[in-house]
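Below, each chain spelled out in residue letters.
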Amino acid sequence: MLKRGLFIALIFSTSPLMAGLMHIRDFARPVGERDNQLSGVGLVVGLAGTGDTQASSFTQQAIANLLANFGIENPESEIRTKNVATVMVQAKLGPYLRNGDRVDVVVSSMGDATSLSSGSLIQTPLKGANGIVYAVAQGSISIGEMLGGRVGGLLAAKGKTTGRVPDGAIVENEVPATIVGDENVISYALRQPDYTTAARMAMAINDALGQIKPDYRDSAKAKDASVVEVRIPPDFEEYPADFIAAVEQVQVEVEEVADRVVVNERTGTVVMGMNVTIDTVAVAHGNLNVNVQETSQVSQPNWYSPGQSALYYNNSNYNVKGGGGSLVALPESANVSDLVNALNTIGASSRDLISILQAIKEAGALHADLEIM
């Protein structure tokens with residue numbers, strides 16, 4: 001029987017992280033380690049006349065039910081809802097949260113309330129997909145208003161029907177995370193599925209275990225592009241947490257993932273890498289015209305330079321024209337950053353940019369994954 005700390009010390013004593021390598025914990029997770037979504041329907045009170053109108057009959061019913069729970073009988077016809085709003089409450093329950101831990105909740109209006117500002121969420125049970133209550137939410141709502149009445153560059157009025165209650169839910173029931181499966185096998189899921197990375201990960205784990213005992217060199221295997229199964233060796237079966245912590249430190253050369261452009265349509269936010277490129281394409285959007293051209297050119301050496309050959313290269317140019325006749329010519333570089341700067345120069349909105357990026361992606365000219373939030 002090997003000592004408990006032998007494998008742990010071996011892994012943690014490896015050299016510092018080198019360029020091109022990543023720790024397993026940074027690109028993979030145990031399959032049982034997952035979040036759970038919770039939701040519930042509640043009431044927000046204390047609104048300054050910005051709550052639901054009488055047209056939201058379900059709000060009247062909810063208030064009547066609430067009052068009945070406190071022994072107050074009141075006909076629904078006498079209930080006024082202008083200071084109350086019915087809301088959907090959502091939360092995310094992490095895998096290792098315990099009873100008494102707190103999580104944030106998101107509150108969204110379900111009726112015709114115009115604002116949840118200054119409101120307070122009353123006690124709301126939050127259920128999982130199985131109908132079991134896992135948390136209870138309550139507290140004051142923050143809608144993120146900023147000085148000047150703007151939220152994320154948009155008018156605050158557009159975001160007042162959605163808010164957050166920081167640490168607003170208390171966990172009442174735990175969801176156990178089952179990490180170790182049958183036959184003491186731990187399945188790791190890659191966040192970006194890739195056959196090469198999965199195979200390298202299995203080999204790296206086997207190499208680390210093989211330094212302890214040659215028989216352990218077949219403990220890990222790549223099941224497919226997204227899952228690597230690791231069998232806990234007999235000497236470490238009593239210490240699964242220590243074993244997992246050590247495996248997370250193993251370094252693996254990870255294949256580069258595709259560049260990504262992330263767009264939030266609600267706030268108009270666009271986040272992208274500086275090197276995302278665009279092929280030749282022409283886009284007409286409203287009163288905007290975008291033209292990206294790429295031409296092949298040849299650089300000939302001087303006739304008196306023996307042994308040198310011609311150099312072939314591509315030249316890329318942008319032309320962006322606005323409705324007012326303004327035209328912006330971009331430098332010879334085909335990347336999204338220049339396109340964004342040019343559109344901003346002629347006053348294009350973030351909505352215009354999002355639509356243009358979607359059209360370029362559909363045309364197959366955007367060399368990146370486009371993610372719409």
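For the structure itself, look to the data block above.
Below or above, wherever it landed, is the structure these notes cover. (Residues numbered from 1 in each chain as written. Predicted model: local features only at pLDDT ≥ 70, side-chain atom pairs only at ≥ 80, totals over all residues. Heavy atoms only, no water.)

**A word on the overall build of the protein chain**
Inference 1: Of regular secondary structure, the protein chain possesses 6 helices and 21 strands.
Inference 2: Out of the 373 residues in the protein chain, the part that is buried amounts to 35%.
Inference 3: Across the protein chain, every contact between residues at least 6 apart in sequence was considered, and the portion connecting residues at least 24 apart equals 67%. (Helix = DSSP H or I, 4+ residues; strand = E, 2+ residues; numbered from the N terminus. Buried < 20%, exposed > 50% of the residue type's maximum accessible area, 1.4 Å probe, protein only. Contact = heavy atoms within 4.5 Å.)

**Focus on the nonpolar core**
Inference 1: With 26 residues, the main nonpolar core has Ile 24, Tyr 188, Met 201, Ile 205 and Phe 243 as its most contacted residues.
Inference 2: Mapped by element, the contributors of at least two residues to this core are strand 11 (185-190), helix 3 (195-210), strand 13 (227-231) and helix 4 (240-247).
Inference 3: In this structure, Tyr 188 is in contact with Ile 24, Ala 28, Arg 29, Pro 30, Val 31, Met 201, Ser 226, Val 227, Val 228, Val 230, Ile 244 and Val 247, ignoring residues within four places of it in sequence.
Inference 4: Ala 91, Val 105, Ala 113 and Tyr 134 belong to the second-largest nonpolar core, a separate cluster that totals 23 residues. (Core = buried A, V, L, I, M, F, W, Y, C linked by side-chain atoms within 4.5 Å.)

**With respect to the packing of aromatic side chains**
For any pair of aromatic rings, the description consists of the separation of the ring centres together with the inter-plane angle of the planes.
Inference 1: Applying the stated criterion to the full structure yields 2 aromatic pairs.
Inference 2: Relative to Phe 236, the ring of Tyr 216 lies with its centre 6.3 Å away and its plane at 65 degrees, an arrangement referred to as edge-to-face. Here the residue Tyr 216 occupies a position in the loop between helix 3 and strand 12 (220-222), and Phe 236 occupies one in the loop between strand 13 and helix 4, the gap between them amounting to 20 residues. Just as Tyr 216 is buried, Phe 236 falls in that class too. (Phe/Tyr/Trp six-rings, centres within 6.5 Å; stacked < 30°, edge-to-face > 60°.)

**Side note on the pairing of strand 5 (residues 102-109)**
Regular strands have side chains that alternate between both faces of the sheet.
Inference 1: In terms of strand pairing, strand 4 (residues 84-93) meets strand 5 through 5 bridges, oriented antiparallel. Paired with Val 87 across the bridge in strand 5 is Ser 109.
Inference 2: As paired strands, strand 5 and strand 10 (residues 162-171) are joined by 6 bridges and run antiparallel to one another. Across the sheet, residue Val 103 finds its bridge partner in strand 10, namely Ala 169. (Pairing = 2+ DSSP bridges.)

**A few points about the side chain of Thr 86**
Inference 1: Within the secondary structure, Thr 86 sits in strand 4.
Inference 2: If near-sequence neighbours (up to four positions away) are discounted, Thr 86 is found in contact with Val 41, Gly 42, Leu 43, Asp 52, Phe 58, Thr 59, Ser 108, Ser 109, Met 110 and Gly 111.

**Observations concerning a nonpolar patch on the surface**
Inference 1: A surface patch of nonpolar side chains, amounting to about 260 Å² of accessible area, comprises Val 41, Phe 58 and Met 110.
Inference 2: Residue classification places Met 110 among the partly exposed residues on the basis of a relative accessible area of 38%. (Patch = residues over 30% accessible without salt bridge, like charges linked within 9 Å, V, L, I, M, F, W, Y side chains within 5 Å. Areas by Shrake-Rupley, 256 points an atom, 1.4 Å probe, with all protein chains shown as cover. Salt bridge = Lys/Arg side-chain N within 4 Å of Asp/Glu carboxyl O.)

**Description of unusual backbone geometry**
Inference 1: Positive phi is not limited to glycine here, since Ser 118 has a value of about 70 degrees.
Inference 2: Among the secondary structure elements, Ser 118 is positioned in the loop between strand 5 and strand 6 (120-127).
Inference 3: On the basis of relative accessible area, Ser 118 is assigned to the exposed category, the value being 53%.
Inference 4: A positive phi is found at Asp 167, a non-glycine position, where the angle reads about 50 degrees.
Inference 5: Owing to a relative accessible area of 43%, Asp 167 belongs among the partly exposed residues under this scheme.

**A look at helix 2 (residues 57-69)**
Inference 1: For helix 2, built from 13 residues, the straight-helix expectation of 18 Å at 1.5 Å per residue is met to within 8% by its first-to-last C-alpha distance of 19 Å.
Inference 2: Residues of helix 2 that are buried include every one of Thr 59, Gln 60, Ile 63 and Ala 64, and no others. Each buried residue of helix 2 lies within a common arc of 140 degrees when the element is viewed along its axis, so the set occupies one face.
Inference 3: Among the structural elements, strand 3 (36-45) and strand 4 are those in contact with the buried residues of helix 2. (Expected span 1.5 Å × (residues − 1). Arc of directions from axis to C-beta.)

**Things to note about the pattern of salt bridges**
Inference 1: For the structure shown, the criterion picks out 7 salt bridges.
Inference 2: Among the salt bridges present, the one from Asp 104 reaches Arg 164, with a minimum N-O distance of 3.4 Å. Residue Asp 104 is located in strand 5, and its partner Arg 164 is located in strand 10; the two are separated by 60 residues in the primary sequence.
Inference 3: The exposure class of Arg 164 is partly exposed, given its relative accessible area of 41%.

**Quick look at the sheet that holds strand 21 (residues 369-372)**
Inference 1: With respect to topology, 3 strands assemble into an open sheet ordered 16-15-21, the strand pairing being mixed. The sheet is open, and its two borders are formed by strand 16 (269-272) and strand 21, each paired with just one other strand. For this sheet, the mean angle separating the axes of adjacent strands, direction not counted, is 15 degrees.
Inference 2: Where strand 15 (residues 260-264) lies against strand 21, 4 bridges are found, and the strand directions are parallel. Counted as the bridge partner of Arg 260 is Asp 369 from strand 21.
Inference 3: In the packing of helix 6 (residues 350-362) onto the sheet, contacts are made with strand 15, strand 16 and strand 21, and the angle to strand 21 comes to roughly 140 degrees. (Axes fitted to C-alpha atoms, helices over the stretch in contact; angles between N-to-C directions.)

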